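If you want the building blocks of each chain, they are given just below.
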Amino acid sequence: METKILELQNVTKVFPGVKALDNVQFDLRQGEIHCLMGENGAGKSTFIKVITGVHAPDEGEMLLGGEPVLFRTPREAYKAGIAAIYQHVTAYPDLTVAENIFMGHERVTPWTRRIDWARMHREAQDLLDSLDANFSSRERMGNLSVARQQIVEIAKALSAQARVLVMDEPTAALTRYESEELYRITEDLRNSGVSIIFISHRMEDIWRLADRVTVFRDGRYIDTWEAREITQHDLVVAMVGREISHLFPKRKVKTGDEILRVEKLGRRGFFQDISFSLKQGEILALTGLVGAGRTEVCEALYGVCSWDSGRVFLEGAPYRPGSPRQALEAGIGALPEDRQLEGLILQWEIGKNISLASLGEVSRRGWIQIARERDYAGGLAKKLSVKAPSIFTRVAALSGGNQQKVVVAKILSRDLKVIILDEPTKGVDVGAKAAIYEIIGDLAEQGYGIILVSSEMPEVLGLSDRIVVMKRGRVTAHMETAGATQEEILRAAMVSDQKEMAHGEA
Amino acid sequence: MAKHNWQWNENLRELGLLLFMAILVVAIQIRNPAFLTAGNLTSLLTNTAILAILALGMMLVLVTRGIDLSIGSTIALAGMVTSLAVARYPGIPPVAAIGLGTAVGALAGMVVGLLVSRWDVLPIIATLGMMNVLRGLTYVISGGRWVSSYQMSDSFKRIATGRILGVNNLIVIALLAYLVAAWFINHTRLGRQIYAVGSNPEAAEVSGLPKRRLIFLVYTIMGSLAGLAGVLWVAKFASAQGDTATGYELQVIAACILGGVSINGGVGRLTGLFLGTVMLGIIANALPLINVSPFWQMGIQGGVVLAAVLTNVMVRRNTERTALRRRVI
Amino acid sequence: MVAEEEKRERKKRSVPPPGDGTLLSTTMPWSWKDFFLQWEWMLVAVLSLVIVVNSLISPFFLNWHTFIRTPASFLDKAFIVFPMMFVIILGKIDISVGSTVALSAVIMAVSYNAGLPMGLAILLCLGVGAAAGAINGFLLVAFRELSFVIVTLSTMIIYRGIAYIILGNRASGGFPEGFSLLAWGSLGGVPIILIAFVIAAVSFGLVLHKTVFGRALFAMGHNARACRHSGINTDLILWTVFTLNGLMAAVTAIFLTSRMGSTRPNVAMGYELEVIAMVALGGVSTSGGVGRIGGPVLAIFIVGFLGYGMGLANLQAPIVLVVIGTLLIVSVLAHKIRFQGFKLFRARSTAATAGEKNQEV
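Here the structure is a predicted model, which is why all the values come from computation and not from measurement.

Rules and cut-offs
- Residues numbered from 1 in each chain as written.
- Chains lettered and ligands numbered in written order.
- Predicted model: local features only at pLDDT ≥ 70, side-chain atom pairs only at ≥ 80, totals over all residues.
- Helix = DSSP H or I, 4+ residues; strand = E, 2+ residues; numbered from the N terminus.
- Rg over C-alpha atoms; globule rule 2.2 N^0.38 Å.
- Buried ≥ 20, exposed ≤ 12 C-beta atoms within 10 Å, placed from the backbone.
- Contact = placed C-beta atoms within 7 Å.
- Nonpolar A, V, L, I, M, F, W, Y, C, P; charged D, E, K, R; others polar.
- Pairing = 2+ DSSP bridges.
- Axes fitted to C-alpha atoms, helices over the stretch in contact; angles between N-to-C directions.
- Parallel < 35°, antiparallel > 145°, perpendicular 65-115°, else oblique.
- Left-handed = near helix turned anticlockwise from the far one by under 90°.
- pLDDT = per-residue confidence, 0-100.
- Expected span 1.5 Å × (residues − 1).

What follows deals with the overall build of chain A. When its secondary structure is counted, chain A shows 19 helices and 22 strands. Its C-alpha atoms give chain A a radius of gyration of 25 Å, within 12% of the compact-globule value 23 Å for 506 residues. Seen along its three principal axes, the alpha-carbon backbone of chain A occupies a region of about 75 × 50 × 50 Å. The buried share of chain A, reckoned over its 506 residues, is 51%. Long-range pairs, those at least 24 residues apart, make up 68% of the contacts in chain A between residues at least 6 apart in sequence.

The partner chain B presents 40 residues to the 39 residues of chain C that form the contact. Listing elements by their share of the side of chain C that touches chain B, those giving two or more residues are helix H8 (148-167), helix H13 (271-281), helix H15 (317-340) and helix H16 (350-360) of chain C. Top contributing element to the side of chain C that touches chain B by residue count: H15(C), with 12 residues. Partitioning the side of chain C that touches chain B into residue classes produces 25 nonpolar, 11 polar and 3 charged.

Taken in spatial order, the 4 strands make up an open sheet running S12-S11-S14-S15 (chain A), and their pairing is antiparallel. The open sheet has two free edges, formed respectively by strand S12 (271-279) and strand S15 (317-318) of chain A, since each of these has just one partner strand.

Once that is clear, we can look at the packing of helix H3 (residues 71-88) of chain B against helix H10 (residues 211-237) of chain B. Residues and elements named next belong to chain B. Close contact between H3 and H10 brings their axes to 7 Å; oriented N to C, the two are set at 55°. Classed by the angle they form, the pair H3 and H10 counts as oblique. As for how H3 packs across H10, the hand of that crossing is right-handed. Contacts between H3 and H10 involve Ile71, Thr74, Ile75, Ala76, Leu77, Ala78, Gly79, Thr82 and Ser83 from the former and Met222, Gly223, Ala226, Gly227, Ala229, Gly230, Val231, Trp233 and Val234 from the latter. For the contact of H3 with H10, the class distribution of residues is 11 nonpolar, 7 polar and no charged.

Leave glycine aside and you will find that most residues have negative phi; peptide bonds, for their part, are mostly trans. Residue and element names in this part refer to chain A. Positive phi values are uncommon outside glycine, yet Arg365 reaches one of about 50°. Phi is positive for Glu423, which is not a glycine, with a value near 45°. Along the chain, the position of Glu423 falls in the loop between strand S19 (418-422) and helix H16 (430-445). Looking at Glu423, the number of C-beta atoms within 10 Å reads 24, which means it is buried.

Residue and element names in this part refer to chain C. For chain C, mean pLDDT is 83; residues scoring 70 or higher make up 87% of the total. Throughout residues 5-22 the model reports pLDDT below 50, and contacts reaching past four residues in sequence, or to other chains, amount to 16 contacts. pLDDT under 50 marks residues 342-361. Its contacts with residues more than four places away, or in other chains, come to 24 contacts. In the predicted complex, the global pTM is 0.83; the interface-specific ipTM is 0.82.

This brings us to the sheet that holds strand S7 (residues 164-168) of chain A. All names here are of chain A. An order of S6-S7-S8-S3-S9-S10 is seen for the 6 strands of this open sheet, with the pairing classed as mixed. Every other strand in the sheet has two partners, leaving strand S6 (82-85) and strand S10 (220-226) as the edge strands with one partner each. Strand-to-strand, the axes of this sheet are offset by a mean angle of 20°, without reference to chain direction. Here strand S9 (residues 212-217) pairs with S10 via 6 bridges, running antiparallel. Residue pairing for S10: Arg217 is matched across the bridge by Arg220. The strands touched by helix H1 (residues 44-51) are strand S3 (33-37), S6, S7, strand S8 (195-199) and S9; relative to S7, the strand with the most contacts, the crossing angle is about 150°. Most of the contacts of helix H5 (residues 146-159) go to S6, to which it runs at about 175°, and overall it touches S6 and S7.

What follows deals with the pairing of strand S16 (residues 332-335) of chain A. All names here are of chain A. Of the two faces of S16, the one lined by Ile332 and Ala334 and the one lined by Gly333 and Leu335 are each fully buried. Where S16 lies against S19, 4 bridges are found, and the strand directions are parallel. Note on S19: the bridge partner recorded for Gly333 is Ile419.

As a further point, take helix H2 (residues 38-63) of chain B. When the terminal C-alpha atoms of H2(B) are compared, their 35 Å separation across 26 residues agrees well with the 38 Å that a helix rising 1.5 Å per residue should span. Of the residues flanking the end of H2(B), it is Arg65(B), one or two places downstream, whose phi is positive at about 70°.

So, about the environment of Thr277(B). All names here are of chain B. Within the secondary structure layout, Thr277 lies in helix H12 (residues 270-289). Classification of Thr277 as buried rests on a count of 27 C-beta atoms within 10 Å. Residues Thr277 and Met314 lie 37 residues apart in sequence; the distance between their C-alpha atoms is 23 Å. Ignoring sequence-local partners within four residues, the contact set of Thr277 consists of Thr48, Leu51, Ala52, Ala55, Ala255 and Gly259.

Laid out in structure tokens, this is it:
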């Protein structure tokens, strides 16, 4: 029996409207790499935040080295030896690497309390060298690549003598070569006795690193396996969990003429050679890992940013929007990836949010007509069955799913041909997911062309007519949904063969 | 790749400023040979000393993503309080006078610090309000009258006119302030943490740095320096008036921005700050020498600041664009 | 295990499909409590208090003739309050307005004295103001990474600097007879400036609360990115608002110059503070997105009558400075308390709140 360094039992965490963690359990052995997997919204991030003291659990118990603990602040967890490395690095870009490593516990000389730069740099350099990092501790943090910044974060955790290291999708933004380096460092850490919780979407991470794998789904604990005892197929089934056909009543929609054609679209540093076309009533799924460039392609089509090569045709006419306003006028609407940041005005009521994109419709010569606005917004909200007492209810008080419906209502208020949905069910509970799928199906039936960006395989397979898979800014597969399998998609999204590599680095 | 190319970038920026200054100096010298004389250079430095002291404090404020518009008024208030005290009790030793002014400034700074750090008032709003409050108080305590040269003791005036080892006291004090600042910024935990807070406030909060206390400290330092500057100011000009140093905060901020201190926080070096301050000093000193009306000074300063800010933005955009071009996806 | 799994599945599938069972009310909710909890009532109370105190100091204050004429002495800067309100609703601040007033006033005076007809000089003045504002707007739109603080601070120095370059520290005046009527004259017993003020207040109020433009302003103050994504031309709006601010600063310049009879480069020093103080006192949140036209209108009269009353009581002008500065800070603080409650005054575990925010996003 190996020693369990960290153990969580029956942990539950509820946020307004969502049960983020429902009675989950987890244990971490001394010196193992334990991968935590699950789809978006499975509760992984909340789980980490509970471990690192950002959130206190509503129920349940946490044992560190056999002792029950409760962390009220991240600082407390840190002091107890639990360090986390987040996807978005929380560093001080203007300071040096050494300072980033020792911030808060700087090395000072005994008498004068002067910062002992020589010692700090020496110790920092030792840490970096022990991680085989070939950069200087005097480098400015903001000038390092994401991969190197992550190494600094690891060094920081080491300097605090962390016993438990949580790594939240560390490879998401890394190139293949950088990932290799990270794997090596992570393994070295394990061999030196650090216990690591590794969160990831990528299969290759699991096969390469994990000793054990735990899967969460919809805020619940599913199971834990020894990594060598489980197959990719079983793992995917555990993550997805449900028979796809039940959640997604497949409709027979007759697709019409081509409305959108994208030819060899490219934007330097983000994506390249993107081509696809979209017909009326068709749902085209754009999938791939987070950071594959899907959102950037959508933003380009919606006029948020521009592209520097390739062409787009909307109903045969050249299309190049300079802003979302022009995109909407041309007939392309988008549901942004982050609805709170880009979709909604949280302080406002439902009605005003819905009419925001179509103020021209509810006004005459610039004067807003209140009664007309009310009916208009009310009608759309009802059509999408937003669940709220009144259209004067503040959006901030709604659940994720209902907020999403409000954003959909908002873009539907415009006269559109193409609708781009970027992760429409992110952070939405299962019930509301079904409702949103229903809506998406309805929209296709009404003849809209739909681009669905999603990382969730069941969504992609269940809803779409065709699938485009992206990886590192390029299209790696283009297939009809009928007959496509998860493995096929996942392989195109994650696995990289040598030939592909050579092409990618060119 | 150069080993620490970021430092090179900063050095390059400062080198550019230095080059520009050199050209300026040569141009001025050609127009008026009286510019590069020992006498004029001494007066240039003496006149720039107060600006240099204030710029130190303002740099810290800007590093934490704040701004302090109230320091012109703090200078006036501290100067007025001190000179009233000196006029009433001529026996006060100069050191006590300096202490008094600095304390008044520190108090004003603490009020601003409290508003910004504890009650989250926008720095621009809080200091705009304090600017008027302090200016009003200056008029109120003086009853609208001036304190003139004859009311001040010689020992008090000597604070600004005296010399130590042949160097004017103001320059000595400014140098001392720079040394202390260099120590504080580069060699103490507090100093580094101030930069950390400005560089990434959220991270600072999450990792448990005393963010609010650091911000409070920064405004208190700014106030104290403004108080000190107030004493030096009235001693130098041998008069304290209600409208002393009106709008001087703008010059101080201008010096910081010219010196490469980022208004977005986290960035600011003493060498750059020094160059920025001297640059403004040269402009102020040289305009009369080359027969430019003093009324041009304000416009020129504003123009230089805007140009510096816009150049910074363009340079940054350019580097980002080339970085993207090199990025492999 | 497998049975468990299936049970869970069934539970999930039994989630009811979206139906039309939900009824969304479209009638405006009304509550007397909310009605009386409005900030404006507080302002009305304060204004009444100020008026009562003033009339106690001077028995002539409430005389209709005096009462209607008093505002003429302080209304000139009120014209900037409205566009500044727009700027602040956008979540920005423009501290260059005082300098814009000085610049446009100086150019008007100089061009008139150079032989331009008065009418054209006034038009030129308005044009200069609008251009000054437009430059601010342009800088903000073209250089998105610059903060409004640094942009308007620079132009604050530059605009006044130009005024000094043009006029040195001389004064310029000698305007035609009729020009002083703008500030001193009246129509049917009502001062012209008061009429102009009412027109401005009503038009700005209508634009703010009844038009698409006004709606977009509020939206941008809350979340400019969401606005851009909703197809609103945010750049144009930002630019228009700053231009408007400059234009109204020129209007202030005209009335101010008319009242004083001459102008010099150091006029309107510190106007930005008074104007921002009035806007903040009027219940407009400095973090953007919140405010109603009535608040600043009341605030203009509170500050104006307060200053006037202090004059009546022979208090020194500097005390007015102190009062206005304090007013600005106190009203901003009062708002924070109103929206965030007294927890503001307790030390918070900020890390926890930061974490909460991350969760929401």
